[in-house]
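# Structural overview
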Amino acid sequence: MAQIQDMMGSFELFQPTELERALDLLRRHGEEAWVLSGGMDTFDWLKDRAKRPRYVVDLGGIQELKGIEVSDDGIRIGAMATLTDVATHSEIRARYPIVAQAAEKVATPQIRNQGTLGGNLCQDTRCWYYRSGWPCYRAGGNTCYANAPGALNREHCILEASRCVAVTPSDTAPALLAVDAQMEIHTRRGRRTVAAEDFFIGPSIDITRMTVLQPTDLLTAIHIPARWAGHPMYFEKVADRKAWDFALVNVAAALDVANGTIQDARIVVGGVAARPLRMKETEQAISGHAPNEQTLEVAAQAAVQGARPLQFNEYKVALTKNLVKRAIREARA
Ligand SMILES: Cc1cc2nc3c(=O)[nH]c(=O)nc-3n(C[C@H](O)[C@H](O)[C@H](O)COP(=O)(O)OP(=O)(O)OC[C@H]3O[C@@H](n4cnc5c(N)ncnc54)[C@H](O)[C@@H]3O)c2cc1C
């Protein structure tokens with residue numbers, strides 16, 4: 001169990017100013033190392049002593065990870081750009097408004113000033129049993145405390161449960177999947193690019209991780225291609241409070257509409273599974289149709305197909321259906 005001490009255990013801190021040096025440190029220290037960006041997720045783990053790395057590699061001094069570059073091919077956002085940088089960037093707001101809106105919905109201004117886009121995408125789940133240090137499946141144990149009778153599971157998943165019922169906490173992830181963002185990753189073997197859709201993984205793939213990143217890997221940039229720039233889009237987050245709260249469910253959509261008919265669509269829902277889920281059956285159900293109420297009803301039904309709510313989160317089924325309908329109905333260029 002975690003000891004809430006509000007004091008971090010000791011570790012060796014590295015503050016490289018070059019990417020290569022950071023990668024070298026991660027290669028050298030492997031699973032004993034922890035990547036530090038803005039610290040907004042990290043410091044909770046370290047203060048609660050639920051994670052006790054021997055080495056911490058702070059990316060804060062690496063300038064090349066901070067920039068936002070605009071080109072005809074799209075926008076490249078360095079993993080260390082802050083959420084405020086993303087929310088206020090004029091080109092991101094103009095071309096991919098849902099990405100800026102999602103960043104703007106995270107937590108509080110202070111957290112957005114300090115927290116980075118890379119950290120927001122790589123942050124761990126908020127399941128309180130796991131975060132409090134209970135020895136659950138995700139922590140290497142052999143049970144899921146959130147799925148036991150009477151457990152506090154109002155915020156947990158309705159889709160893709162596989163022993164673990166935790167959900168993805170990120171607001172920016174669904175928006176980036178909706179615009180088909182590509183993740184630039186540096187691994188032991190060099191640089192590779194992974195579609196945002198494949199970057200996040202569920203417990204049936206690996207119950208101990210939320211992304212494809214291995215301990216020696218770094219997410220270095222997020223590239224948003226030009227394909228969806230300027231198309232009708234929609235983002236909405238539903239939480240218990242208007243600020244400083246994680247999403248119960250969030251939705252992001254990008255539509256390609258011509259002559260009143262949806263030609264192509266990307267619809268993504270967060271807060272319902274361990275990874276942001278692209279609603280492919282919903283996308284198929286609306287492609288080739290006008291976004292009328294009949295189409296929306298079919299689309300909403302497709303989004304929750306196979307949903308298996310837990311004891312206290314049945315409401316997420318209706319909420320997801322309504323958000324998917326609203327996203328398609330309200331998407332604006
Ligand atoms: C009170 C509170 C409220 C919050 N509310 C919300 C909310 O409403 N919506 C939301 O989406 N988030 C919310 N968060 C989460 C917060 O936005 C994220 O924790 C923050 O964005 C993480 O960014 P960071 O730069 O601080 O990352 P850090 O805390 O430094 O890192 C987060 C994790 O990602 C890993 N990591 C970071 N950068 C990289 C990288 N480049 N490559 C590989 N791994 C990396 C770290 O090792 C760590 O495991 C909240 C957090 C708090 C404390």
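Our structure is the block above this text.
First, a word on what this report is: a plain description of the structure on this page.

The rules behind the values
- Residues numbered from 1 in each chain as written.
- Predicted model: local features only at pLDDT ≥ 70, side-chain atom pairs only at ≥ 80, totals over all residues.
- Heavy atoms only, no water.
- Salt bridge = Lys/Arg side-chain N within 4 Å of Asp/Glu carboxyl O.
- Helix = DSSP H or I, 4+ residues; strand = E, 2+ residues; numbered from the N terminus.
- Buried < 20%, exposed > 50% of the residue type's maximum accessible area, 1.4 Å probe, protein only.
- Pairing = 2+ DSSP bridges.
- Axes fitted to C-alpha atoms, helices over the stretch in contact; angles between N-to-C directions.
- Contact = heavy atoms within 4.5 Å.
- Near = heavy atom within 4 Å.
- Polar contact = N/O pair within 3.5 Å; in protein donor to acceptor, adjacent residues only side chain to side chain.
- Areas by Shrake-Rupley, 256 points an atom, 1.4 Å probe, with all protein chains shown as cover.
- Nonpolar A, V, L, I, M, F, W, Y, C, P; charged D, E, K, R; others polar.

### Points about the pattern of salt bridges
Enumeration over the complete set of coordinates arrives at 26 salt bridges. The shortest N-O distance in the salt bridge between Arg-76 and Glu-184 comes to 3.1 Å. In this pair, Arg-76 is assigned in strand S5 (residues 74–78) and Glu-184 in strand S6 (residues 182–187), connecting sequence segments 108 residues apart. On the basis of relative accessibility, which here comes to 22%, the residue Arg-76 falls in the partly exposed class. When its relative accessible area of 12% is taken as the criterion, Glu-184 is described as buried. For Asp-171, the salt bridge identified is with Lys-237, shortest N-O distance 2.7 Å. Remark: Lys-237 occurs in strand S9 (residues 233–238) and Asp-171 occurs in the loop between helix H8 (128–131) and helix H9 (172–178); sequence separation between them is 66 residues. Among the residues examined, Lys-237 registers a relative accessible area of 15% and is labelled buried.

### Details of the environment of Ala-247
Mapped onto the secondary structure, Ala-247 falls in the loop between S9 and strand S10 (249–258). Looking at Ala-247, the relative accessible area reads 16%, which means it is buried.

### Digging into the sheet that holds strand S3 (residues 55–58)
Across the sheet, which stays open at both edges, the three strands sit in the order S1-S3-S2 with parallel pairing between neighbours. Pairing within the sheet leaves two strands with one partner each, and these edge strands are strand S1 (12–14) and strand S2 (33–36). Direction aside, the axes of adjacent strands within the sheet are offset by 25° on average. In this fold helix H1 (residues 19–29) packs onto S1, S2 and S3, with an angle of close to 165° to the strand it touches most, S3.

### Details of the site of the ligand
Surveying the vicinity of the ligand reveals 32 residues, the closest of which are Val-35, Ser-37, Gly-38, Thr-116 and Trp-244. Measuring from an oxygen atom of the ligand, one finds a backbone N or O atom of Gly-39 at 2.8 Å. Taking Lys-237, its side chain carries an N or O atom lying 2.8 Å from an oxygen atom of the ligand. Protein burial of the ligand: of its 970 Å² of free accessible surface, 93% is covered by the chains. Every element with two or more residues in the shell around the ligand is listed here: S2, helix H7 (117–122) and strand S8 (218–225). Looking at the shell around the ligand residue by residue, the class counts come to 17 nonpolar, eleven polar and four charged.

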